[in-house]
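Each chain, letter by letter, is given below.
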Amino acid sequence: MAEVSLKVNGKVENHEVGENTLLVDFIRETVGLTGTHVGCDTSQCGACVVHVDGVSVKACTMLAMQAEGSEVTTIEGIGSSEKLHPMQEAFHENHGLQCGFCTPGMVMSAIELVSKNKSPSEAEIRDGLEGNICRCTGYHNIVKSVQAGAEKMGG
Amino acid sequence: MSEGIGASVKRKEDKKFLTGKGKYTDDINRPGQVYAHFVRSDVAHANIKSINTKAASQAAGVVAVYIGEDVAADGIGGPICGWVVPNRDGSATHEPPHPLLAQGKVRFVGDAIAVVIAESVEQAKSASELVEVDYEELPAVANLETASSGAEIHEGMKENRYFDWELGDEAATDKALQSAAKVVKLSVRNNRLIPNAMEPRSALAEYDDLGGSYTLHTTSQNPHLARLILAAFMFQIPESKLRVIAPDVGGGFGSKIYVYIEEAVCIWSSKKINRPVKWTADRTQSFLTDAHGRDHINNVQLALDESNKIIGLRVDTVCNLGSYLSAFAVAVPTYLHGTLLSGLYDIPTIYTNVKGMATTTAPVDAYRGAGRPEATYLLERTMDAAAREVGMDQAEFRRLNFIPKDAFPYQTAVALQYDTGDYEPNLDKAMEMIDYKSFEARRSEASKRGKYRGIGVSSYIEACGLAPSAVAGALGGRVGGWESASVRVDPTGTVTVFSGAHSHGQGHATTFSQIVSERLGIPNANVEFVHGDSDKTPFGMGTYGSRSLAVGGVALSKALDKVVEKSKKIAAHLMEASAEDVEFKDGKFTVAGTDKETAFGDVALAAYVPHNYPLETLEPGLEETAFYDPMNFTYPAGTHIAEVEVDPATGVVEIVDWAACDDFGNLINPMIVEGQVHGGIAQGIGQALLENAHYDENGQLLTASYMDYCMPRADDLPSFKVECTNTPCTHNDLGVKGCGEAGAIASPPALINAIINALSPLGVSDMSMPATPETVWRAIQNAQARAAE
């Protein structure tokens with residue numbers, strides 16, 4: 001066990017963690033934020049994407065200890081039910097989600113994608129979301145959502 | 001009104017999912033909970049000589065270790081079979097037992113042998129490594145083609161065959177084949193798929209020793225059905241002592257219909273150790289143990305007369321049902337497949353034989369479409385081959401053989417009666433959407449770039465709204481096919497709907513609210529939707545087979561009828577009029593020929609504050625329940641057209657356009673319908689191009705991770721053009737048919753036909769699924785080698 005201190009959604013979290021505790025388990029089990037999901041065991045599905053110091057990371061590929069001193073943002077930290085993030089709004093308005101399980105990771109990946117490319121083309125969006133699997137939507141409306149989200153974010 | 005039927009209302013359920021506040025089973029924790037991990041067979045077929053759990057039992061954090069003998073000692077039964085069929089010789093389907101934990105034998109890689117329960121997941125997993133299993137290995141039976149001569153999997157089950165079923169008139173069909181001007185023969189393989197809902201299966205069971213009752217949170221598409229099976233058949237406890245809650249569920253696609261052994265083991269062990277027990281699959285376990293889908297070999301013979309009209313169809317099918325019979329495994333290749341073989345074509349005689357085989361692989365059951373994709377694939381591939389052989393355009397050959405629109409109701413040669421349909425408008429519209437008539441110009445243009453361009457048509461029909469109970473019962477089903485809904489009107493006129501259906505992505509909270517809004521004239525925001533909890537909702541059959549709206553939505557409509565009927569009586573009393581004279585529209589009750597009017601909210605208040613109320617003839621309160629059993633299946637139909645470009649150097653297929661025109665009857669929410677179609681097409685494209693569950697000859701699943709099983713990703717797919725036509729269903733109040741499975745049913749043959757069409761100039765006339773670059777490249781090489789000979 002080791003001490004880890006980091007910020008999650010702006011709040012300082014000091015905890016004892018196992019040396020092999022994954023960041024995603026730390027977020028879900030220790031911090032208790034269950035919006036970050038686990039959909040696979042090979043870092044392929046992207047359901048666990050969070051931002052670590054502004055960069056999107058699959059939280060199952062990182063140890064909690066590696067995030068020492070970092071600022072972690074999860075789906076719970078980007079907007080609220082009263083005021084959604086523009087990308088969350090865009091997913092709602094364009095029916096970019098069905099079962100909702102891949103959605104948090106998809107939204108976090110989309111926000112990072114748009115932060116790097118303010119007005120991505122359809123091909124760039126499809127390429128940029130290659131690391132996030134959705135089984136429900138066929139991606140059609142996710143692509144539309146990200147385009148709309150990019151516009152809302154000022155692209 | 002704008003929030004009612006037919007409006008693309010944005011979904012009510014979105015916000016919680018978008019903000020991370022969804023509550024899936026694995027997000028729920030109970031005080032004192034412990035974690036289960038299963039020791040699974042790593043060989044496909046073996047007798048178990050011994051199991052040593054001593055070291056595991058003594059490992060850090062371990063609370064208990066159980067094996068099959070412990071389950072057997074408590075008399076707990078395994079999952080049951082929900083549907084059986086008679087064999088051709090009159091005998092019954094062979095139903096071998098499926099123990100919760102192996103009883104002396106394992107039958108597939110992933111078969112559960114023991115469960116280790118510990119204070120943490122890590123401790124349970126670590127201790128599982130210490131369980132020693134001594135196997136006497138038996139030959140694996142991994143190949144469907146040779147399964148009948150393989151080692152015996154279940155004691156006393158001959159030739160590893162669960163059933164040998166037939167439907168239709170064999171003599172008449174063989175006569176048609178003999179007298180035909182042309183017989184088109186085709187053998188197709190429907191590749192095995194793994195459903196891969198993004199949320200892995202999970203269960204959290206808790207025992208209450210005061211009440212002697214259990215609560216199970218689980219990833220289920222049908223919590224009531226799960227409760228019935230678990231309580232009545234597996235545990236033999238009073239059904240009322242088990243509460244099953246399926247909270248937010250992250251996709252199902254069929255794989256979460258069934259009761260799995262893990263849920264039962266969690267329930268059983270929660271009482272034994274008197275602590276909540278949680279289990280969540282990792283993705284590897286999902287690949288190994290979720291019920292797989294498809295896996296058919298179909299031999300097709302289509303008889304044509306001189307005018308290219310179909311005069312008969314014979315289909316001989318062998319299907320792989322895996323190591324144990326899953327709940328609806330028998331129904332999928334028989335009554336959801338054999339009965340659909342007429343497609344949307346006028347075929348005078350059809351015969352089909354289906355042999356359901358056991359192999360030492362994971363159980364196979366329903367996956368999005370369930371039987372209907374297999375029927376559509378073999379039929380639409382054959383229609384395409386036939387059009388080529390007789391030299392007709394693929395669309396016009398289909399048009400020639402469509403059931404004409406004035407022929408409904410149409411009795412098929414394979415038991416179903418289609419109530420309504422009009423197939424040419426779908427075909428015409430899809431052709432227009434993709435600019436079919438200009439295709440050859442696009443093919444020429446592509447060829448200048450060194451690409452082979454092709455276009456493929458698939459016209460499909462499906463039987464949805466499962467199922468009329470009497471029909472299901474007569475055909476071997478052991479459950480009813482109705483659905484339930486309750487409508488509770490509050491004193492202030494707000495409404496809560498309690499549905500027996502279950503939403504796991506379909507958006508029921510939105511669409512069911514729209515129905516209420518339309519019928520009662522109240523804002524959508526005033527309607528709450530409750531589902532997924534056996535303690536809260538009326539007994540319901542759940543969600544699968546595109547049934548939620550066509551059966552559950554109609555149940556809601558019937559419950560609303562009752563609410564309106566009673567409301568009219570209350571309104572009549574308040575307005576001092578006769579109930580027959582009261583009209584209800586847009587939330588207002590009026591009396592014909594007068595200016596009297598009362599609002600729905602006033603009637604609701606009167607029902608609960610009955611100071612001025614006809615208590616002598618009417619109960620207070622305003623809450624109604626309806627159970628609706630459909631008269632017939634519904635028959636969505638349509639045409640999908642795919643356009644592709646193939647790079648002959650690499651075999652890579654690019655989907656350059658997709659047009660879908662579907663007839664789902666009336667639509668409640670077109671936005672949600674389109675989303676369902678998109679998702680279905682994506683799964684169908686996955687089957688046709690990317691996905692394949694591959695077992696090696698030793699019965700090892702080689703595709704047990706996302707590194708090896710190729711899921712469709714955003715950059716594998718195009719955007720889709722989706723439109724609808726509408727011939728309303730004639731036998732339900734909403735005129736709806738269901739839309740959840742259509743995309744997955746229609747799309748694989750459209751895509752494969754397009755690839756064959758693209759490569760036909762090279763002499764390619766067949767293509768197997770998935771059409772990976774290697775498969776396509778080899779087909780091109782083989783065709784060129786043949787041409788060179």
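Because the structure is a prediction, the values reported are computed rather than measured. (Residues numbered from 1 in each chain as written. Chains lettered and ligands numbered in written order. Predicted model: local features only at pLDDT ≥ 70, side-chain atom pairs only at ≥ 80, totals over all residues. Heavy atoms only, no water.)

Trainee: Please explain the overall build of chain A as it appears in this structure.
Mentor: Secondary structure assignment for chain A yields five helices and five strands. Going from N to C terminus, chain A has its helices and strands arranged as β-β-α-β-β-β-α-α-α-α. Scaling as 2.2 N^0.38, a compact globule of 155 residues should have a C-alpha radius of gyration of about 15 Å, and chain A matches this with 15 Å. Taken along its principal axes, the extent of the C-alpha atoms in chain A is 45 × 30 × 25 Å. Within chain A, the fraction of its 155 residues that count as buried is 59%. Working note: accessible area of chain A is about 5,700 Å², and carbon and sulfur atoms make up 47% of it. The centroid of the 11 positive side-chain charges in chain A is displaced by 8 Å from the centroid of its 20 negative side-chain charges. (Helix = DSSP H or I, 4+ residues; strand = E, 2+ residues; numbered from the N terminus. Rg over C-alpha atoms; globule rule 2.2 N^0.38 Å. Buried < 20%, exposed > 50% of the residue type's maximum accessible area, 1.4 Å probe, protein only. Areas by Shrake-Rupley, 256 points an atom, 1.4 Å probe, with all protein chains shown as cover. Lys, Arg positive; Asp, Glu negative; His and termini not counted. Charge placed at Lys NZ, Arg CZ, Asp CG, Glu CD.)

Trainee: When you look at the side chain of B:Q285 in this model, what are you seeing that I'm missing?
Mentor: Following the sequence through the fold, B:Q285 ends up in helix α8 (residues 283-289). The residues touching B:Q285, leaving out its near neighbours within four places in the chain, are B:H37, B:R40, B:W279 and B:D290. (Contact = heavy atoms within 4.5 Å.)

Trainee: When you look at the interface of chain B and chain A in this model, what are you seeing that I'm missing?
Mentor: Often, the extent of an interface is quoted as the loss of accessible area upon association of its parts. Each side of the interface is counted separately: chain B has 52 residues, and chain A has 44 residues. Both faces combined, the contact of chain B with chain A buries some 4,200 Å², and carbon together with sulfur accounts for 55% of it. Among the residues of chain B in contact with chain A, B:L18, B:M198 and B:R713 are the three that bury the most area, contributing 18% of the side total. Between the two partners, chain B and chain A, sit three salt bridges. Of the charged contacts, one joins B:D27 and A:R28 as a salt bridge, the two residues approaching to 2.7 Å between their closest N and O atoms. Breaking the side of chain B that touches chain A down by element, the ones donating at least two residues are α1 (14-18), α8 and α17 (670-690) of chain B. Sort the elements by how many residues they give to the side of chain B that touches chain A and α17(B) lands first, with eight residues. Grouping the constituent residues of the side of chain B that touches chain A by class yields 22 nonpolar, 17 polar and 13 charged. (Buried area = accessible area lost by both parts, 1.4 Å probe. Salt bridge = Lys/Arg side-chain N within 4 Å of Asp/Glu carboxyl O. Nonpolar A, V, L, I, M, F, W, Y, C, P; charged D, E, K, R; others polar.)

Trainee: Mind showing me how you'd approach the sheet that holds strand β27 (residues 653-663) of chain B here?
Mentor: As a general point, the strands of a sheet are linked pairwise by backbone hydrogen bonds and lie either parallel or antiparallel. Residues and elements named next belong to chain B. Read from one edge to the other, the open sheet built from four strands follows the order β18-β26-β27-β28, with strand pairing classed as mixed. Looking at which strands have only one partner, the edges of the open sheet turn out to be β18 (452-461) and β28 (721-725). On average, each strand axis in the sheet is tilted by 15 degrees relative to the strand beside it, whichever way the strands run. Across ten bridges, the pairing between strand β26 (residues 637-646) and β27 is antiparallel. Note that in β27 the partner of E645 across the bridge is E654. Strand contacts of helix α18 (residues 742-759): β18, β26 and β27, with the helix running at about 150 degrees to β18, the strand carrying the most contacts. (Pairing = 2+ DSSP bridges. Axes fitted to C-alpha atoms, helices over the stretch in contact; angles between N-to-C directions.)

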